[in-house]
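This is what each chain is made of:
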Amino acid sequence: EVQLVESGGGLVQPGRSLKLSCLASGFTFSNYGMNWIRQAPGKGLEWVASISSSSSYIYYADTVKGRFTISRDNAKNTLYLQMTSLRSEDTALYYCARHRPTGSGWYFDFWGPGTMVTVSS
Amino acid sequence: EIVLTQSPTTMAASPGEKVTLTCRASSSVSYMHWYQQRSGTSPKLWIYETSKLASGVPNRFSGSGSGTSYSLTINSMETEDAATYYCQQGSSYPPTFGAGTKLELK
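A quick note: this is a predicted structure, and the numbers were derived from the prediction, not measured.

Bringing the overall build of chain B into the picture now. Across its full length, chain B holds zero helices and 11 strands. Element order for chain B, N to C, with α for helix and β for strand: β-β-β-β-β-β-β-β-β-β-β. The globule rule puts the C-alpha radius of gyration for 106 residues at 13 Å, and the 13 Å found for chain B is close to it. Across the 106 residues in chain B, those meeting the buried criterion constitute 48%. Here the contacts in chain B between residues at least 6 apart in sequence split such that 55% fall between residues at least 24 apart. Charged side chains of chain B number 8 positive and 7 negative; the gap between the two group centres comes to 1 Å.

Okay, unusual backbone geometry next. In this model, S7 of chain B is joined to P8 of chain B through a cis peptide bond whose omega is -10°. With respect to the helices, strands and loops of the structure, P8 of chain B is situated in the loop between β1 (4-7) and β2 (10-13). Between Y93 of chain B and P94 of chain B the backbone carries a cis peptide bond, its omega angle lying at -5°. Inspection of the secondary structure puts P94 of chain B in the loop between β9 (83-89) and β10 (96-97). The phi angle at N77 of chain A is positive, at roughly 55°, despite the residue not being glycine. Summarising the element assignment, N77 of chain A is placed in the loop between β7 (68-73) and β8 (78-83). Phi is positive for T50 of chain B, close to 75°, though the residue is something other than glycine. Within the element layout of this structure, T50 of chain B appears in the loop between β5 (44-48) and β6 (52-53). Classification of T50 of chain B as buried rests on a relative accessible area of 9%.

With the rule as written, the count across this model stands at two disulfides over all chains. Two residues, C22 of chain A and C96 of chain A, share a disulfide whose sulfurs are 1.9 Å apart. One end of the pair, C22 of chain A, is in strand β3 (residues 18-25); the other, C96 of chain A, is in strand β9 (residues 92-102), and 74 residues separate them in sequence. On the accessibility criterion, C22 of chain A (0% relative accessible area) is buried. Residue C96 of chain A is classed as buried on the basis of its relative accessible area, which comes to 0%. Here C23 of chain B is linked by a disulfide to C87 of chain B, with a sulfur-sulfur distance of 2.1 Å. Around the S-S axis, the bridge from C23 of chain B to C87 of chain B shows a dihedral of about 70° and counts as right-handed. Of this pair, C23 of chain B sits in strand β3 (residues 19-25) while C87 of chain B sits in strand β9, placing them 64 residues apart in sequence. Taken individually, C23 of chain B and C87 of chain B each receive the classification buried, so the pair is uniform in this respect.

Each side of the interface is counted separately: chain B has 20 residues, and chain A has 22 residues. Across the interface of chain B and chain A, roughly 1,700 Å² is buried in total on both sides, 65% from carbon and sulfur atoms. Its largest share of buried area at the contact with chain A, chain B owes to P43, Y93 and F97 of chain B, together 34% of the area lost on that side. The interface formed by chain B and chain A includes zero salt bridges. Breaking the side of chain B that touches chain A down by element, the ones donating at least two residues are β4 (33-37), β5 and β9 of chain B.

Cut-offs used in this document
- Residues numbered from 1 in each chain as written.
- Chains lettered and ligands numbered in written order.
- Predicted model: local features only at pLDDT ≥ 70, side-chain atom pairs only at ≥ 80, totals over all residues.
- Heavy atoms only, no water.
- Helix = DSSP H or I, 4+ residues; strand = E, 2+ residues; numbered from the N terminus.
- Rg over C-alpha atoms; globule rule 2.2 N^0.38 Å.
- Buried < 20%, exposed > 50% of the residue type's maximum accessible area, 1.4 Å probe, protein only.
- Contact = heavy atoms within 4.5 Å.
- Lys, Arg positive; Asp, Glu negative; His and termini not counted.
- Charge placed at Lys NZ, Arg CZ, Asp CG, Glu CD.
- Disulfide = S-S within 2.5 Å.
- Buried area = accessible area lost by both parts, 1.4 Å probe.
- Salt bridge = Lys/Arg side-chain N within 4 Å of Asp/Glu carboxyl O.

Geometry only, nothing functional implied.
Here it is, written out as structure tokens:
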């Protein structure tokens, strides 16, 4: 059974940093691209960042580019999101999601339960 | 960036009623994918590549469309179908989601 479990969320002051983790199990982690997707309270879904299976390709949303860094450790089956210079608008539930390519594009076939990040003084 | 517009924003349906949710893209996309999110839970892949049902999805659901216009249809509304449905395109970066349609039980 595919499982994704995020951790590392919490309350952090504006301008500070936080690092999220996502532990994967039930599949060969090193074969799949992975993503972070967030959802602000009461709002919709916003893609944040993607990383390919071997970390060769990395993409970011414009809203986090230069502040967030996605990475992975295939030996530990773990995905990371290093967040710096946090702003109040980064407050959200952060999901990790597995990347599934199609013939011309991709979708997200499994999601974790999420970890909440609250940026407030 | 491709913008996805979902309609309606919210709607209520009675048990047994046919329901159609729509998603329009600002540019043509190859496929549309749909997710169901029940209150307090994470999104679940529901329909992928426009018309393929994800594992465990009842066959009263269907998806269709092409180009810039896509839809998700429920043949006969059931209680468990009350949720928010999001469409998503992955044809170009950044991947984008619609704002969601909240489907309630009447």
